[in-house]
Amino acid sequence: MARLVALLLALACMPFSSGLYGAVAADLRFTAGEYSGFTRPFLERVARDYEALHPDTHIQIEVIPWDSYLQKLTTDISSGDQPDIAIVPTMWVSDLAADGLLEPLDALATPDFKAKFIPAFLVPARVNGTLLGLPAAASARAMVVNTDLLQKAGVQAPKTWDDLFTAAKAVAALPNTYGFGLPGKEVEVDTYFYYALWSFGGEILKDGKSGLASPEAIRAATFYMSLINAKATEPSPTAHSREDVFKLFKEGRIGIVFAYPMLVPQLKAEAPDLRYAVLPFPVQTQPVTLGVTDVLTLSSSSKNQKAAWDFMQFLYGARYRAEFDHAEGLLPVTVEGAADSYYRDNPDIAAFAAGLGYARFAPTIKGWSELSEITLRSLQAMYIGQKTPTEAMTDAARQIDDVLARR
Amino acid sequence: MRRGKSTTSLPAVDERHLRNRQMLFLLIAPSVAAAFFITLVPVLLLVRMSLSSVSRFGRIGDNVGLRNFARLMADPLLPDIALRTALWTGSVVGGTLLIALPTALVLNRRFFGRRLAQFLVLAPWAISVTSMAVVWRRALSDEAGLLNRLAMASGLIERPVIWLGSIPASFAFEILIAILVSVPFSTVILLAGLSSIPSEISDAARLDGANAGARLGHVTLPLLRPFICVVLIFNIAYVMNSFPIIWILTQGGPANGTDILVTYLYKLAFTLGRLDEAAALSILMLGALGVLTVLMLRMLERPAHG
């Protein structure tokens, strides 16, 4: 009996003893948002390549849908299980930094390594002058039009917002089609407003306060409402998410949408016969686009920082970078990547990349997601007719100012 | 519990009694421990969070007393959302009972194809609420969705309708779907209750001249009361905390127009990043549900004809 107990005890202890041996090796956990179905297999492959070169290191890849990523990260961190390495949207960096969760990278990155990156992309990942993340993904937005529908409606591709109004109305007059795709549900409802806001000369934040109550912001909101009232958008924008709008565009039922570069590979795969063109946003006072960056960050509490940093550099191998950017429809973040002829020869991607020169970024301030939610809520109230553009914008500005004052 | 037989002496009985009790404690110890770890520990953590200042990513800071509760009370959105939660819970639980009770009464009778009918009513229980909600989202939100195609084929509408286009319509659909999801479970409980009522009682009532309505009102329903209470207790708790249907269909939008407390709680925690206030809200919700459950249990214990 005693022998049996001893045997059982020995068996029970086995996982621990092997764990003790394994402690010499590095176990890394790496989380990333899901750009597409390609993200997970790609990162898995890079991790296995790295493990083949470094047999002591084991890398666990977790790819999470963007919609639930913030929740996942919050619960992981609050239960003391922060991933060693994480690709996160730049707008979360300030919040992560405020809790001291990110390891400063200035001391780790050699000047040679830093020189790999397009300098502008290193700026958004700095908080108070400290580099907290490496640019992992970059994208800029642009306007995509269905050239067949515009032709049928007898209009040119819009260059100004007034053109856009005319073109959208003309396309909407065709049977069973909508002019302009305006998402009013779920992700990026506020982003679709910033395009017009910036274009009309407004600002999201000005002198530490919300810029939504400015005359420019109200003009931009009024313009979107005039599109809805003129039935130039899809009916009930608040019932349509960005993906719903893109689906209608792929079906050839919407004339004009604002989109990200990832839409291009989707169009090629799902709507090969659709004739489209990628164009800059309409201009009112100045050309604008939204630049979006995600950054690769290192946990300040990681037990294997050395191995993690080594793997982070490995991810920037030229071959991996090019493959990732091309497959995900992203723009280059490295100098070497930007020199790739791919970005000149592919007119669609080139059109998106063209905006990088004048791209604007969402503010990198603490608590950005709350400001974004307030804006979304006010825009939805306006889209369904609960509030006038002036009411919606002043309400949003007041609430945002309250939140900013509370910090 | 003392059932000592004449052959055993008194001290022996006591000793056995004691050993029995020790055995009983030993047997329930694992479940008590599990219940403690599964429920009490998180609740205590939650209480601590609700009384502290908590950062965006869950770092627990200073004790701030009741500040989080005060902020919550000052939230202009909360009264409407609380009211909507009551409306949601009331309509879904009421609607469920209104459908499940007649369904159970019918399924309890003997008729041809009864087994198949029982299977069809109960089968949706096996489908997860989340997948159900995803299917409904597709059926409702797509212009070529199931509902539009059905309505157009039957000539009810000429052009596709955006079913989730307005707040009242969205919320009404969410309530309907929640009722559909809750009916199978409630029917099972009520069917179990019905089959526990001896048919002799009903036969006796019939011999005494009671018609079908009187038998239902004076015999079946009073005897079914404990089961109806169980259905109510479970449904109120489930429905009040039911997240997937509303989240998948409308995310509580547009403009918080379909938010109930639990969807707003999620937004408070993960979109707005106010984990401390979210903890406070969940404490309040837990308290409210606890009070409701205790009240319902009291009702359950009260005799039917008291």
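Just so you know, these numbers come straight off a predicted model, no measurement behind them.

**Focus on the interface of chain A and chain B**
Much of the literature gives interface size as the accessible area that the parts lose upon coming together.
Thought 1: Facing the 36 residues of chain A at the interface are 31 residues of chain B.
Thought 2: When chain A packs against chain B, close to 2900 Å² is buried across both sides, 50% of that on carbon and sulfur atoms.
Thought 3: When residues of chain A are sorted by the area they lose upon contact with chain B, Asp99(A), Arg377(A) and Arg406(A) head the list and together hold 19% of the total.
Thought 4: There are six salt bridges connecting chain A and chain B.
Thought 5: For Arg137(B), the salt bridge goes to Glu186(A), with nearest N and O atoms at 2.8 Å.

**Overview of the side chain of Arg242(A)**
Residues and elements named next belong to chain A.
Thought 1: Of note, Arg242 is situated in helix α11 (residues 242–250).
Thought 2: Relative accessible area serves as the criterion here: at 12%, Arg242 is assigned to the buried category.
Thought 3: Side chain to side chain, Arg242 and Glu243 meet in a polar contact 3.2 Å long.

**Description of the domain arrangement of chain B**
Residues and elements named next belong to chain B.
Thought 1: For chain B, the assigned domains are domain 1 (10–50) and domain 2 (78–301).
Thought 2: A separation of 34 Å is found between the C-alpha centroids of domain 1 and domain 2.
Thought 3: With five residues of domain 1 at the interface, the matching set in domain 2 holds seven residues.
Thought 4: Summed over both sides, the interface between domain 1 and domain 2 buries roughly 460 Å², with carbon and sulfur atoms accounting for 86% of that surface.
Thought 5: Of all residues in domain 1, Leu46, Met49 and Ser50 give up the largest surface area on contact with domain 2, accounting jointly for 81% of the area buried on that side.
Thought 6: For the interface between domain 1 and domain 2, the tally reads zero salt bridges.
Thought 7: Between the two partners, domain 1 and domain 2, sit zero residue pairs in polar contact (both at pLDDT 80 or more).

**A closer look at a nonpolar patch on the surface**
All names here are of chain B.
Thought 1: On the surface, a nonpolar cluster with roughly 730 Å² of combined accessible area is contributed by Met23, Leu24, Phe25, Leu26, Leu27, Ile28 and Val32.
Thought 2: Mapped onto the fold, Leu27 is located in helix α1 (residues 10–50).
Thought 3: Leu27 sits in the exposed class, given a relative accessible area of 54%.

**Details of the sheet that holds strand β7 (residues 142–146) of chain A**
Residue and element names in this part refer to chain A.
Thought 1: Taken together, the four strands give an open sheet; going across it, the order is β8-β11-β7-β12, and neighbouring strands pair in mixed fashion. Two strands bound the open sheet, and with one partner strand each, they are β8 (178–180) and β12 (276–279). For this sheet, the mean inter-axis angle between neighbouring strands, taken without regard to orientation, is 25°.
Thought 2: The sheet contacts of helix α12 (residues 263–270) involve β7, β11 (254–259) and β12, and relative to β12 the element is tilted by about 175°.

**Let's talk about the nonpolar core**
Thought 1: Counting 132 residues, the largest nonpolar core has Tyr224(A) and Phe311(A) as the members making the most contacts within it.
Thought 2: Counting residues per element, this core draws most heavily on helix α10 (residues 215–229) of chain A, at nine residues.
Thought 3: Shared between two domains, this core holds at least three residues of each, these being domain 1 (26–138 + 292–354) and domain 2 (140–290 + 363–406) of chain A.
Thought 4: Not counting residues within four places of it along the chain, the set of residues in contact with Phe311(A) comprises Leu28(A), Phe30(A), Val46(A), Ala47(A), Tyr50(A), Ile59(A) and Ile85(A).
Thought 5: Formed by 66 residues, the second largest nonpolar core is a distinct cluster that contains Phe185(B), Ile246(B), Tyr264(B) and Tyr266(B).

Parameters at a glance
Residues numbered from 1 in each chain as written. Chains lettered and ligands numbered in written order. Predicted model: local features only at pLDDT ≥ 70, side-chain atom pairs only at ≥ 80, totals over all residues. Heavy atoms only, no water. Contact = heavy atoms within 4.5 Å. Buried area = accessible area lost by both parts, 1.4 Å probe. Salt bridge = Lys/Arg side-chain N within 4 Å of Asp/Glu carboxyl O. Helix = DSSP H or I, 4+ residues; strand = E, 2+ residues; numbered from the N terminus. Buried < 20%, exposed > 50% of the residue type's maximum accessible area, 1.4 Å probe, protein only. Polar contact = N/O pair within 3.5 Å; in protein donor to acceptor, adjacent residues only side chain to side chain. Domains from an automatic or database assignment. Patch = residues over 30% accessible without salt bridge, like charges linked within 9 Å, V, L, I, M, F, W, Y side chains within 5 Å. Areas by Shrake-Rupley, 256 points an atom, 1.4 Å probe, with all protein chains shown as cover. Pairing = 2+ DSSP bridges. Axes fitted to C-alpha atoms, helices over the stretch in contact; angles between N-to-C directions. Core = buried A, V, L, I, M, F, W, Y, C linked by side-chain atoms within 4.5 Å.

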